[in-house]
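Residues per chain, in single letters:
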Amino acid sequence: MARFIVRRLISMAIVMIVISILTFLLFEAIPNGNPAFRLAGRNATAAEIHQIEVKYGFNKPIYVQYVKTMENIFTGKAVSYTQGYNVDSQLWQDLPVTLWLAFGASFLWLGAAVGIGVVGAVRQGKFADRFLNVLAMIGVSMPPYFLGAVLLYYLSYKAGIFPISNYVSLGQNPGEWFLHLFLPWITLAILYVGFYSRVLRSNILDTLNEDYVRTARAKGLSPRRVLVRHVLRNSLIPIISLWGLDFAGIIGGGAILIESLFGLNGVGNLTFQSIGRLDVVVILVVVILTSFAVVFLAAVIDVLYAYLDPRIRLS
Amino acid sequence: MSTSSPRETAGTELTLDLESGALEEGLDLGPGASPWRLAWRRLRRNHTALFFGLVFLLIVVLCLLAPVYSHDIAHRSPDVGNITGTVKVGGKTKDIVSATGIPIGPTWDFSKFFLGADSNGRDTAVRLLYGGRNSLLIGAEATVLTMVIAVVLGLIAGYFRGMIDGVISRCMDILWAIPALLLGITLGTMIAVGGIGPIKGDHLWIPSIVIGVVYIPYVAKPIRGQVLQLRERDFIDAARQQGLSHTRIMFGEILPNLSSTIVVFIPLILANAILLEAGLSYLGVGVQAPAPSWGNMISQGLQFIPAAFSDVLSPGIMLVLAVLSMNLFGDGVRDALDPRSKIRIDH
């Protein structure tokens, strides 16, 4: 097991390093030219530009710049070229909203998917199949920003049920906090719930045919106990691993697309604004850190799988 | 990342079992019915898939007719606005864009602002069709790019194995580790500014190339897995004994056996590419203004929420309809060709 973990961590580290080099090179390749020009402003003299080049190290060879940039990112010294703020402290400040968004939405769709999946599997029938298919299809076909805009327009602007902007943190007012996050949660949850319930349903149906389920029934356990303790437990494992990756995917996807819509000042909104300003450093940091999160979660899931299933670590 | 997380195994054990399908239900077509005929018959019986395939076709035809609508019915160009103009609706004269900047809503009259105007006084219906043309074209170009590169990479990696496979597979792993939207944003920001070589940054090929690259690993990995299995089969041995070149074996012997997988992937990639294009254009790194796309029309419409919400609704509905119908059609194609449903695209 220890060998497996070490091997997995090494391959994770290699992937992370390559990702960071690749994204760095991509952004450096922006032919827009020297970032010093942008930092210096319109009427800068050649001396001023040179000063900035020296200060930020733009005149150094590319590998030195790479090391310097990585060092800046991981020691909290990365600075936005266009806005001048510290990227890391801005990220830390914005992260809680995005994490709340992702946690709330993912628990919502996970909980709903367990309910729908179990009912769909127990009451096996054509209707459940079709319903889940349609729901899953709508989920993969619906752009979150459009779904969010429709919900926002009809439920907030027209019906006035939910607040429109001005996010309130949990500490300030839990009720308001919940109302502000409710629509974004629903928006993201609708996208995933169909797919998750469909996967869970087919997992449950597969597990129901296992021998140990028959044994559990034969020894006289109640159907409910068999379902919850024996079937559901095993059926949930693959779902949880999907969930880990989609959680990271929300921060690098859904959040960017919907946070600005709902006026949540999270990492997604920061990225959205930075794209508009072509603020390269912020996008670079977000891409690198989010990809690291995905790679890390994938490794954790693999290790968990190997722990749960010895066949994997021995292969 | 050679260990098996559930996503990876989903693709690599892919075998298309056309023969067993033939045994089950091909009897009344005669023993010689080809797998393709059987699949076509399964698809023909799937009325939902056919219906949505037709819906998509209808959207394509409508969007191709954009110039006709623009010249002969609406008499308005998609790019030229008219902020100060007025239009007669039901006998009353109305401003196209009001003094406060709110554009006119739908008139339901094909000859003038059927779906209203945008904040620049441009006809939304005209832009909707031209935008659809851009979105669909980019989706199609990106799909072709993805499929060609992914199939070639998958063939090379699976056929030669060893070092070459290692390099290609690790590259795919790395592309795959970056969430699709973020990768699109990275590539989009990078080349939207300066372009690639002779292609300018606001050219429509830019989003096609970006999206085409993003989806390569999603196709190349399962193709590679299938090639790894196919290369061990007897007919490949036979081809080798005959002295065929590697290229002939890869493209003449193995490639035809991948055709059903490729056909299953095309509609799924197309639907995803259209959706990603809209997302990137919504964020401002896809189709660049003034060229319309459903994605950037939604983002423009949102600037005026809650006024002129129809400018968000109309491109949004078209987008969902196009992507949903392609997904449902693709689902039918998959059911017909790959009854065990092993092929799918992860997000």
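Computed from a predicted structure; not experimentally measured.

Student: Account for the overall build of chain B, naming residues and giving values.
Tutor: For chain B, the count of helices and strands is 15 helices and two strands. A buried classification covers 48% of the 347 residues belonging to chain B. The contacts in chain B between residues at least 6 apart in sequence include a share of 69% that link residues at least 24 apart.

Student: I'd like to hear about the overall build of chain A, residue by residue, with values.
Tutor: Broken down by element type, chain A carries 14 helices and zero strands. For chain A, the succession of helices and strands along the chain, N to C, is α-α-α-α-α-α-α-α-α-α-α-α-α-α. By principal-axis analysis of the C-alpha atoms, chain A measures approximately 85 × 60 × 35 Å. Every one of the 315 residues in chain A was classed for burial, and the buried ones make up 38%. Counted over contacts in chain A with a minimum sequence separation of 6, partners at least 24 positions apart contribute 73%.

Student: Tell me about the interface of chain A and chain B, and please be specific about residues and values.
Tutor: Facing 48 residues of chain A, the contacting portion of chain B comprises 41 residues. The set of elements that each furnish at least two residues to the side of chain A that touches chain B consists of helix 1 (2-28), helix 6 (126-141), helix 7 (144-158), helix 10 (223-251), helix 11 (254-258), helix 12 (267-277) and helix 13 (280-308) of chain A. Residue contributions to the side of chain A that touches chain B peak at 10 residues, all from helix 13 of chain A. Looking at the side of chain A that touches chain B residue by residue, the classes come out as 35 nonpolar, 11 polar and two charged.

Student: Could you give an account of unusual backbone geometry, naming the residues involved and the relevant values?
Tutor: In this structure, Arg161(B) takes a positive phi of about 50 degrees despite not being glycine. Relative to the elements of secondary structure, Arg161(B) occurs in the loop between helix 6 (124-160) and helix 7 (162-177).

Student: Give me the lowdown on the nonpolar core, citing residues and values where you can.
Tutor: One finds Ala189(A), Val285(A), Val219(B), Ile274(B) and Val323(B) to be the most contacted residues of the largest nonpolar core, which totals 164 residues. Element by element, the count of residues in this core is highest for helix 6 of chain B, at 16 residues. Taken domain by domain, the makeup of this core includes at least three residues from each of domain 1 (2-74) and domain 2 (87-308) of chain A. Those residues within four positions of Val219(B) in sequence are excluded, and the remaining contacts are Thr146(B), Met147(B), Ala150(B), Phe265(B) and Ile269(B).

Student: Hey, could you go over the domain arrangement of chain A for me, with residue numbers and the actual values?
Tutor: Residues and elements named next belong to chain A. The domain boundaries assigned to chain A delineate domain 1 (2-74) and domain 2 (87-308). Relative placement of domain 1 and domain 2: their C-alpha centres are 33 Å apart. Listed per partner, the contact involves 14 residues of domain 1 and 13 residues of domain 2. Of all the elements, helix 1 adds the most residues to the side of domain 1 that touches domain 2, at 12 residues. A per-class count over the side of domain 1 that touches domain 2 returns 11 nonpolar, two polar and one charged.

Student: Lay out the packing of helix 13 (residues 259-283) of chain B against helix 15 (residues 310-337) of chain B with the relevant residues and their values.
Tutor: Residues and elements named next belong to chain B. At their nearest, the axes of helix 13 and helix 15 sit 9 Å apart, and the two run at 165 degrees to each other. Accordingly, the angle class assigned to the pair helix 13 and helix 15 is roughly antiparallel. Between helix 13 and helix 15 lies a crossing whose hand is left-handed. Here Ser260, Val263, Val264, Pro267, Leu268, Leu270, Ala271, Ile274, Leu275 and Ala278 of helix 13 lie close against helix 15, whose contacting residues are Leu319, Ala322, Val323, Met326, Asn327, Phe329, Gly330, Val333, Arg334 and Leu337.

Student: If you had to explain helix 8 (residues 174-208) of chain A to someone new, which residues and values would you point to?
Tutor: An ideal rise of 1.5 Å per residue puts 51 Å on 35 residues; helix 8 of chain A reaches only 41 Å between its terminal C-alpha atoms. In the structure, helix 8 of chain A departs most strongly from a straight axis at Tyr192(A), where the bend amounts to approximately 35 degrees.

Student: Mind laying out the confidence of the model for chain B, listing which residues take part and the relevant values?
Tutor: Residues and elements named next belong to chain B. Per-residue confidence for chain B gives a mean pLDDT of 82, with 84% of residues at or over 70. Element-level mean pLDDT values for chain B span from 38 in helix 1 (residues 6-12) up to 94 in helix 6. Low pLDDT, under 50, characterises residues 1-24; the predicted model gives this stretch 45 contacts beyond four residues in sequence or across chains. For this predicted complex, the interface score ipTM comes out at 0.86, while the overall pTM is 0.86.

Student: If you had to explain helix 7 of chain B to someone new, which residues and values would you point to?
Tutor: The end-to-end C-alpha distance of helix 7 of chain B is 22 Å, a good match for the 22 Å that 16 residues give at a rise of 1.5 Å each. If you check which residues of helix 7 of chain B are buried, you get Ile168(B), Ser169(B), Met172(B), Asp173(B), Ile174(B), Trp176(B) and Ala177(B). Looking at the packing, one finds that the buried side of helix 7 of chain B touches helix 1 and helix 13 of chain A together with helix 6 and helix 10 (216-230) of chain B.

Student: Which residues make up the environment of Arg229(A), and what values go with them?
Tutor: Residue and element names in this part refer to chain A. Along the polypeptide, Arg229 turns up in helix 10. On the neighbour-count criterion, Arg229 (13 C-beta atoms within 10 Å) is partly exposed. Sequence separation between Arg229 and Ser141 is 88 residues, and the spatial gap between their C-alpha atoms is 35 Å.

Student: Residues and numbers for the environment of Gly295(B), please.
Tutor: Residues and elements named next belong to chain B. When you line up the elements, Gly295 lands in helix 14 (residues 294-302). On the neighbour-count criterion, Gly295 (32 C-beta atoms within 10 Å) is buried. Along the chain, Gly295 and Ile174 lie 121 residues apart, while their C-alpha atoms are 27 Å from each other. Among residues more than four places away in sequence, those in contact with Gly295 are Glu277, Ala278, Gly279, Leu280, Ser281, Tyr282, Gly286 and Val287.

Student: I'd like a rundown of the environment of Arg76(B), residues and numbers included.
Tutor: The topology assignment puts Arg76(B) in the loop between helix 5 (66-73) and strand 1 (86-89). With 261 residues separating them along the chain, Arg76(B) and Leu337(B) place their C-alpha atoms 45 Å apart.

What counts, and where the lines are drawn
- Residues numbered from 1 in each chain as written.
- Chains lettered and ligands numbered in written order.
- Predicted model: local features only at pLDDT ≥ 70, side-chain atom pairs only at ≥ 80, totals over all residues.
- Helix = DSSP H or I, 4+ residues; strand = E, 2+ residues; numbered from the N terminus.
- Buried ≥ 20, exposed ≤ 12 C-beta atoms within 10 Å, placed from the backbone.
- Contact = placed C-beta atoms within 7 Å.
- Nonpolar A, V, L, I, M, F, W, Y, C, P; charged D, E, K, R; others polar.
- Core = buried A, V, L, I, M, F, W, Y, C linked by C-beta atoms within 7 Å.
- Domains from an automatic or database assignment.
- Axes fitted to C-alpha atoms, helices over the stretch in contact; angles between N-to-C directions.
- Parallel < 35°, antiparallel > 145°, perpendicular 65-115°, else oblique.
- Left-handed = near helix turned anticlockwise from the far one by under 90°.
- Expected span 1.5 Å × (residues − 1).
- Bend = angle between axes of the 7 residues up to and from the residue.
- pLDDT = per-residue confidence, 0-100.

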